[in-house]
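Tertiary structure, described
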Amino acid sequence: MDRCKFEKGDLKQFIIQVQRALGTTTEKLGFDIGVSGRTLRDWKREKFCPPETIITKLSQMSGVALPSYVRLFRYWFVVDAARLGGKKRFKLYGLLGTT
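Presented here is an overview of the structure given in this document. (Residues numbered from 1 in each chain as written. Predicted model: local features only at pLDDT ≥ 70, side-chain atom pairs only at ≥ 80, totals over all residues. Heavy atoms only, no water.)

By size, the foremost hydrophobic cluster in this structure holds 14 residues, and its most contacted members are Leu 11, Phe 14, Trp 43, Ile 55 and Leu 58. At the level of secondary structure, the elements contributing two or more residues to this core comprise β1 (3–6), α1 (10–22), α2 (26–33), α3 (37–44) and α4 (52–62). Element by element, the count of residues in this core is highest for α1, at four residues. With sequence-adjacent residues up to four places away left out, Ile 55 is seen in contact with Cys 4, Phe 6, Leu 11, Phe 14, Pro 50 and Leu 66. (Core = buried A, V, L, I, M, F, W, Y, C linked by side-chain atoms within 4.5 Å. Buried < 20%, exposed > 50% of the residue type's maximum accessible area, 1.4 Å probe, protein only. Helix = DSSP H or I, 4+ residues; strand = E, 2+ residues; numbered from the N terminus. Contact = heavy atoms within 4.5 Å.)

Turning our attention to the environment of Arg 83. By secondary structure assignment, the location of Arg 83 is in helix α5 (residues 78–93). The class for Arg 83 is partly exposed, based on a relative accessible area of 45%. When the C-alpha atoms of Arg 83 and Ser 62 are compared, they prove to be 41 Å apart, with 21 residues separating the residues in sequence.

Here's what the structure looks like:
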């Protein structure tokens, strides 16, 4: 599942515009698209990147144009996570294969 990374503030404005266009609350809108109200609020706060399928669905439902975004492909975080894990392992145990 690909995720969408927006410029700061764009996702919040998009969700607000969708809510105004549909005349609905966060809880109701979340229910309509199949996520919890909490998840929608987290996206609105830009805490997490929402799935591209949900963002497209919101745009189609409301008629609000999508702002530009960068598509983050599945497992986009693995390289950074592996790097952090390797650094942590090195800090704890030193070079691999040494005693």
